[in-house]
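The lines below spell out each chain.
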There are 2 protein chains.
Amino acid sequence: MSATNEDTIANRICRILAERIVTGELEPGAKLRQDHIAEEFGTSHVPVREAFRRLEAQGLAVSEPRRGVRVASFSLEEVREVAEMRAALEVLALRHAAPHLTPSILNQAEEATVEADNARDVRSWEGANRRFHRLLLTPCGMPRLLAAIDDLHAVSARFLFATWRSDWEVRPDHDHRAILAFLRQGRTENAAAVLERHVQRIGQKPVKNASGGAFAIVG
Amino acid sequence: MSATNEDTIANRICRILAERIVTGELEPGAKLRQDHIAEEFGTSHVPVREAFRRLEAQGLAVSEPRRGVRVASFSLEEVREVAEMRAALEVLALRHAAPHLTPSILNQAEEATVEADNARDVRSWEGANRRFHRLLLTPCGMPRLLAAIDDLHAVSARFLFATWRSDWEVRPDHDHRAILAFLRQGRTENAAAVLERHVQRIGQKPVKNASGGAFAIVG
DNA sequence: GATTCAGATATTATCTATAATTTCGTCGCA
DNA sequence: TGCGACGAAATTATAGATAATATCTGAATC
């Protein structure tokens, strides 16, 4: 039951590098040296290069011919761009998913919200948050749309992890609950409207809170 | 000034294969054999494999580990999905581009519309149509969004070329003119609404017209 | 006559090696 | 001491070769 059999090496490298980039373990602008990575994974550089191409397509790395591959940098502007794209696409997905949402799915989404509210660190909050969004959108049955949203989620998560390196405070997520409430009433358009505002908040510029720390609103 | 210098071989292979897939020269489901392609381009198979990864990311090819790469098949459902994504993203792009649209740009877009209306074959119509959309959207200054739209355009074009293999009739594009008229008046939201409907029509199922031929509405 | 198993063939995924390009450090000179 | 050019090291891009896997063909058996 080893993952090596169903997955190609390039895939595994891609997945692991993507995780490192998203979590911030690999910082923006850091060089990705194929020989080093190949050595780390005990492979040659060929699968590493293939993994690079996929990371490039996901927007997590940028490659300049003959000058190597670097972890993509991301400006606040870019984060806002991704937020707007996510808002547009998630709303689309939600509209198509709504007719297929069952009480069971909505309950699972509520559980994810509770879990997010009780999360003690960013990592677990992000996991629960992503599960919430995925649960509601997957039933739309549009694979390409979902894949695009997933890629955008990864970039959002990057921003999230970069902003909250260690300090994280528990905040109940009113938007998620409002979305669930509307969906339970069959008011899809209201839910979509909340979702749109909710996701767009990701890119809002960091604001100072009472304790003086820099905070950004996330979704 | 050869393109070989600024572009990697993998890029060139990717571009040429993408064109073949889009134009229908390579049919859906066709196997892409790396050794054959490598031989054709006079290279080894390594850059070919890298090109495959990019085609995969663009949704033009699908790869099963150890079983090779095939030209992606596309159902009417998938075309509709792409149309909806395009509609959502192009509307977003247009909203951000509108403030930066100059009379010069709008005039160029009008020229593109005229050119499309006079196009005698699908290829040239598609080129002019794409130029129209690109002219209006590029000023939004959101590179990732534009790249995503470009990829979706490619899939739309595939459907277009597959539907009109040879027969093509000239039809004036009222939507394009309406969009331009609204933009000239600064009525961005009206323009966006027309654009949204316009793009969504791509995926509408083919209908019979008076002469009995099968037609699909495109945009 | 259909089905299954085995061998042959073709293709993929990977590794090792080579050529070319870039970068970085150092040395010389003003 | 600062600037520029040269050279060495590192890295990328490609080529050729190898092992593993899937597909196809055909025959033998039920």
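Residues numbered from 1 in each chain as written. Chains lettered and ligands numbered in written order. Predicted model: local features only at pLDDT ≥ 70, side-chain atom pairs only at ≥ 80, totals over all residues. Heavy atoms only, no water.

An unreviewed UniProt entry lists chain A under the name DNA-binding GntR family transcriptional regulator, with Sinorhizobium kostiense as the source organism.

Re the overall build of chain A
Within chain A, the regular secondary structure consists of 10 helices and 5 strands. Relative to its 219 residues, chain A shows a buried fraction of 47%. Looking at chain A alone, contacts between residues at least 24 apart form 71% of all its contacts between residues at least 6 apart. Here chain A displays about 10,900 Å² of accessible surface, and carbon together with sulfur accounts for 50% of that area. (Helix = DSSP H or I, 4+ residues; strand = E, 2+ residues; numbered from the N terminus. Buried < 20%, exposed > 50% of the residue type's maximum accessible area, 1.4 Å probe, protein only. Contact = heavy atoms within 4.5 Å. Areas by Shrake-Rupley, 256 points an atom, 1.4 Å probe, with all protein chains shown as cover.)

Points about the relation of the copies chain B and chain A
With an axial shift of 0.0 Å and an RMSD of 0.1 Å, the rotation relating chain B to chain A amounts to 180°. Expressed as an axis order, the relation between the two copies is that of a two-fold axis. Comparing contact sets, 100% of the residues at the interface of chain B also lie at the interface in chain A, consistent with an isologous, same-surface contact. (Least-squares fit on C-alpha atoms with pLDDT ≥ 70 in both.)

Description of the protein's contact with DNA strand D
In the neighbourhood of DNA strand D, 18 residues make up the surrounding shell, with His45(A), Arg49(A), Ser44(B), His45(B) and Arg67(B) lying closest. Here Arg49(A) contributes a side-chain N or O atom positioned 2.3 Å from a phosphate oxygen of DNA strand D. Here a phosphate oxygen of DNA strand D sits 2.5 Å away from a polar atom, N or O, in the side chain of Arg67(B). Listing elements by their share of the surface near DNA strand D, those giving two or more residues are helix H3 (34–41) and helix H4 (45–58) of chain A. When residues in the surface near DNA strand D are grouped by element, the largest group, 3 residues, is from H3(A). Considered class by class, the residues forming the surface near DNA strand D number 3 nonpolar, 9 polar and 6 charged. (Near = heavy atom within 4 Å. Polar contact = N/O pair within 3.5 Å; in protein donor to acceptor, adjacent residues only side chain to side chain. Nonpolar A, V, L, I, M, F, W, Y, C, P; charged D, E, K, R; others polar.)

Examining the protein's contact with DNA strand C
Surveying the vicinity of DNA strand C reveals 20 residues, the closest of which are Ser44(A), Arg67(A), His45(B), Arg49(B) and Arg66(B). Here, DNA strand C places atoms within 4 Å of the protein, and 71% of those atoms are sugar or phosphate. The separation between a phosphate oxygen of DNA strand C and a polar main-chain atom of Ser44(A) is 2.7 Å. In this structure, a base oxygen belonging to DNA strand C sits 2.6 Å away from a side-chain N or O atom of His45(B).

Observations regarding the interface of chain B and chain A
Contacts between the two partners involve 26 residues from chain B, matched on the other side by 26 residues from chain A. Together, the buried faces of chain B and chain A total about 2,400 Å²; carbon and sulfur atoms form 62% of this surface. Looking only at chain B, the three residues that lose the most surface to chain A are Glu50(B), Glu81(B) and Arg144(B), adding up to 29% of its buried area. Across the contact surface, chain B and chain A share 4 salt bridges. The partner of Glu50(A) in a salt bridge is Arg53(B), with the nearest N and O atoms 3.3 Å apart. In this structure, the connection of chain B to chain A is made through 12 residue pairs in polar contact (both at pLDDT 80 or more). When residues of the side of chain B that touches chain A are traced back to their parent elements, those giving at least two are helix H4 (45–58), helix H5 (76–97) and helix H8 (143–163) of chain B. Take the side of chain B that touches chain A: its biggest share by element is 8 residues, from H5(B). Here the side of chain B that touches chain A is composed, by residue class, of 14 nonpolar, 3 polar and 9 charged. (Buried area = accessible area lost by both parts, 1.4 Å probe. Salt bridge = Lys/Arg side-chain N within 4 Å of Asp/Glu carboxyl O.)

A closer look at helix H2 (residues 9–23) of chain A
Under the 1.5 Å per step criterion, the end-to-end length of H2(A) is 21 Å for 15 residues, consistent within 8% with the ideal 21 Å. At its buried positions, H2(A) is contacted by H3, H4, strand E3 (68–71), helix H7 (122–137) and helix H8 (143–163) of chain A. (Expected span 1.5 Å × (residues − 1).)

Thoughts on the sheet that holds E3(A)
All names here are of chain A. Taken in spatial order, the 3 strands make up an open sheet running E1-E3-E2, and their pairing is antiparallel. The outermost strands of the open sheet, each flanked by one partner alone, are strand E1 (31–32) and strand E2 (61–64). Taken together, the 2 bridges between E1 and E3 define a ladder with antiparallel strand orientation. Directly across from Leu32, in E3, lies its bridge partner Val69. (Pairing = 2+ DSSP bridges.)

A short note on the packing of helix H2 (residues 9–23) of chain B against H8(B)
Residue and element names in this part refer to chain B. Contact geometry of H2 with H8 gives a least axis separation of 7 Å together with a crossing angle of 45°. Here H2 is positioned oblique relative to H8, judged by the angle of their axes. Here Ile21, Val22 and Thr23 of H2 come into contact with H8, specifically with Ala154, Ala157, Arg158 and Phe161. Split into classes, the residues belonging to the contact of H2 with H8 amount to 5 nonpolar, 1 polar and 1 charged. (Axes fitted to C-alpha atoms, helices over the stretch in contact; angles between N-to-C directions. Parallel < 35°, antiparallel > 145°, perpendicular 65-115°, else oblique.)

Focus: the nonpolar core
Of all hydrophobic cores here, the largest spans 139 residues; its most connected members are Leu136(A), Leu145(A), Leu136(B) and Leu145(B). Discounting residues that sit within four places of it in the chain, Leu136(A) has contacts with Leu94(A), Ala97(A), Leu101(A), Leu106(A), Ala109(A), Ile179(A), Leu180(A) and Leu183(A). (Core = buried A, V, L, I, M, F, W, Y, C linked by side-chain atoms within 4.5 Å.)

Some thoughts on the environment of Ile16(A)
Structurally, Ile16(A) is set in helix H2. Counting along the chain gives 35 residues from Ile16(A) to Ala51(A), while the straight-line C-alpha distance between them is 9.9 Å.

Overview of the environment of Thr188(B)
Of note, Thr188(B) is situated in helix H10 (residues 188–200). For Thr188(B), a relative accessible area of 22% puts it in the partly exposed group.

Considering the pairing of E2(A)
Put simply, side chains in a regular strand alternate between the two faces of the sheet. Note that E2(A) and E3(A) share 4 bridges and pair antiparallel. Looking at the pairing, Ser63(A) lines up with Val69(A) of E3(A).

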